[in-house]
Amino acid sequence: MKRALVTGITGQDGSYLAEFLLAKGYEVFGLVRRSSTESFERIQHIRDRVTLLQGDLLDENSLISALADSRPAEVYNLAAQSFVPASWNQPVLTGEFTALGATRLLEAIRIVDKSIRFYQASSSEMFGRVRETPQNEKTPFYPRSPYGVAKAYGHFITINYRESYDMFAVSGILFNHESPRRGLEFVSRKVTHAAARIKHGLQKELRLGNLDARRDWGFAGDYVEAMWKMLNQAEPIDYVISTGKSHQVRDLVRIAFGRVGIDPEKHVTIDPSLVRPAEVDLLMGDSSLARSRLGWEPRVDFEALVNMMVDADLAAIGAAR
Ligand code: NAP
Ligand code: GDD
C-alpha cells in the first residue's frame, strides 16, 4: 500500500485529495495543527480512514517527526495562509507559512528520505499583473499581494531543491478552484452562500468589492487529480492547471442569483473596503502542457460549478432550519 502525507488536509483541497488518494488505495496521513477547537468538518466523513499527525509548518521538528512516523512515498504540501486579503494584514506570518513553510518541509524531506516525491501548491496569483494572456508555465511572475510573493518563493524553492538535490519536487500552478467546501470568505462561496441565504429569507444584503475582476474558475475535485498525476510521472515537471476560460465576478453573481430566481440588483452593494490595495485584474490559464502530457482535463464548467455550489448551500441551509 502506497503512503501519502497531506499538509492542509483539513482545507478544501486537502479533503478532496484525501478522498481521491483513498480511492486509489493509498494509506493517507494528514498533518494537522493544534487548535483549541478541532476544524475537521471537511474530513469528518473519512476521519476513520486517515491518520492525523500533529504538526505545523512553523515547526521543523514536527515536520521531521511526521515524515518519520508516516514514511510516505509522496508528500502534498497544501497547507498555507491561503486568503489573499489576509496577507496584507499579516504579511510576515503569510511568508512564514506559505513561503518558509515549503522550505521547512523540503528540508525535512532531505533529512528523512530524499526519495520522497514532493508536490507544492503553487498559484496563479503569482502571475499577478499578468505579462501575457493566457498564462502558461513560461509566463513571468508579477505577484500583486504578499500572498503571491510568498507563493513565488515557495515555487522557486521547490525548483531549487529539485535542481540542487536531485529530488522529485514539482509545483502545480493551479488557477482558482472552488467547491461546496470552499471557505466562506472566498468570493465564489461568499456569493453562493449569500444567494442561498437570501432565498431562505435569512439575509438581505451582499456586500462585495471589485465585480470587474476576471478569474479562471474550475472545480477543486478535478484539480486534485492533476496533483496526483504530476507526482506519478517519470519526470518532475511543473504544470499550469486551469480551464482556459475567464469570467468576471459579476458573471458569478448573475449565475448564482439566477439559480435561486432572485434579481441581484436588489441585494448586492459595493463596499469599497473590500477592494484590494493591489488587484489581480485578469487570470486565464493555458493548461495545454497538462492536457497533452498528463492527459488531464477539467470536467466541470463554470456554470455547472456555480450551480453545484448554490444547490449545496440551499440544501445545507434548508436542512439546518
Ligand atoms: P484552505 O482551504 O485555506 O486550506 C488551507 C489548509 O492549510 C488548512 O488545512 C489549514 O489548516 C492549513 N494550514 C494553514 N496554516 C498552517 C500551518 N502553519 N501548519 C499546518 N497547516 C496549516 O486552502 P485550499 O483552497 O484548500 O488550498 C490548498 C493550497 O493550494 C493552499 O496552499 C493554497 O494557497 C493553494 N492554492 C489554492 C487555490 C484555490 O483556488 N483553492 C489555487 C492555487 C493555489 P487549519 O484547518 O488548521 O486552518
Ligand atoms: N474574497 C472576496 N470577497 N473577493 C472579492 C469580493 C469579496 O467580497 N468582491 C470581489 N472580489 C474579487 C477579488 O477582488 C478578486 O479579484 C476575486 O474576487 C477573487 O477573490 P477570491 O475568491 O478571494 O480569490 P483570489 O483570486 O484572491 O485567490 C484565490 O485564488 C488563488 C489562485 O489564483 C485563493 O484561493 C488563493 O489561495 C489562490 O492561490
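Everything numeric here is computed off the predicted structure, so don't read it as measured data.

Novice: Describe the packing of helix H6 (residues 187-199) against helix H10 (residues 302-320), and please don't skip the residues or the numbers.
Specialist: Two elements in contact, H6 and H10, have axes whose closest approach is 8 Å; the angle formed by their N-to-C orientations is 45°. As the angle between them shows, H6 and H10 are arranged oblique. The hand of the H6/H10 crossing is right-handed. Of the residues in H10, those in contact with Ser188, Arg189, Thr192, His193, Ala196, Arg197 and Lys199 of H6 are Val306, Met309, Val310, Asp313, Leu314 and Ile317. When grouped by side-chain class, the residues that make up the contact of H6 with H10 number six nonpolar, three polar and four charged.

Novice: Talk me through the site of ligand 2; I want residue IDs and the actual numbers.
Specialist: Taken together, 24 residues are adjacent to ligand 2, and Ser123, Ser124, Tyr147, Arg276 and Glu279 come closest. One nitrogen or oxygen atom from the side chain of Tyr147 is found 2.5 Å from an oxygen atom belonging to ligand 2. Going through the elements one at a time, H6 and strand E8 (206-208) are the ones with two or more residues in the shell around ligand 2. Split into classes, the residues belonging to the shell around ligand 2 amount to 10 nonpolar, six polar and eight charged. Here the shell around ligand 2 spans two domains, and each of domain 1 (3-177 + 218-241) and domain 2 (184-215 + 245-281 + 300-320) adds at least three residues to it.

Novice: So what's going on with the site of ligand 1? Which residues, and what values?
Specialist: Around ligand 1 there are 24 residues in total, and Thr10, Asp13, Arg33, Ser82 and Tyr147 lie nearest to it. For ligand 1, an oxygen atom lies 2.6 Å from a polar atom in the side chain of Thr10. Within the side chain of Lys151, a nitrogen or oxygen atom sits 2.9 Å from an oxygen atom of ligand 1. Calculation on ligand 1 without its partners gives an accessible area of 910 Å², and the protein chains cover 89% of this total. Sorting the residues of the shell around ligand 1 by element identifies helix H1 (12-23), strand E5 (117-123) and helix H5 (146-165) as the ones contributing at least two each. Counting residues per element, the shell around ligand 1 draws most heavily on E5, which supplies three residues. Residue classes in the shell around ligand 1 are distributed as nine nonpolar, 10 polar and five charged.

Novice: Help me get a handle on the pattern of salt bridges, residues and values and all.
Specialist: In total, this model carries 17 salt bridges according to the counting rule given. Of the charged contacts, one joins Asp238 and Arg162 as a salt bridge, the two residues approaching to 2.9 Å between their closest N and O atoms. Of this pair, Asp238 sits in the loop between helix H7 (220-231) and strand E11 (239-241) while Arg162 sits in helix H5, placing them 76 residues apart in sequence. Residue Arg162 is classed as buried on the basis of its relative accessible area of 16%. Here Arg293 ties to Glu235 by a salt bridge, and the two come within 3.4 Å at their closest N and O atoms. With Arg293 in helix H9 (residues 288-294) and Glu235 in the loop between H7 and E11, this residue pair connects regions lying 58 residues apart in the sequence. On the basis of relative accessible area, Glu235 is assigned to the partly exposed category, the value being 46%. What emerges from the salt-bridge pattern is a single network uniting Glu205, Arg207 and Asp271.

Novice: Residues and numbers for unusual backbone geometry, please.
Specialist: Looking along the chain, the bond that leaves Thr133 and enters Pro134 is cis, with omega of 0°. With respect to the helices, strands and loops of the structure, Pro134 is situated in the loop between E5 and H5. Even without being glycine, Arg71 reaches a positive phi, approximately 45°.

Criteria and cut-off values
- Residues numbered from 1 in each chain as written.
- Chains lettered and ligands numbered in written order.
- Predicted model: local features only at pLDDT ≥ 70, side-chain atom pairs only at ≥ 80, totals over all residues.
- Heavy atoms only, no water.
- Axes fitted to C-alpha atoms, helices over the stretch in contact; angles between N-to-C directions.
- Helix = DSSP H or I, 4+ residues; strand = E, 2+ residues; numbered from the N terminus.
- Parallel < 35°, antiparallel > 145°, perpendicular 65-115°, else oblique.
- Left-handed = near helix turned anticlockwise from the far one by under 90°.
- Contact = heavy atoms within 4.5 Å.
- Nonpolar A, V, L, I, M, F, W, Y, C, P; charged D, E, K, R; others polar.
- Near = heavy atom within 4 Å.
- Polar contact = N/O pair within 3.5 Å; in protein donor to acceptor, adjacent residues only side chain to side chain.
- Domains from an automatic or database assignment.
- Areas by Shrake-Rupley, 256 points an atom, 1.4 Å probe, with all protein chains shown as cover.
- Salt bridge = Lys/Arg side-chain N within 4 Å of Asp/Glu carboxyl O.
- Buried < 20%, exposed > 50% of the residue type's maximum accessible area, 1.4 Å probe, protein only.

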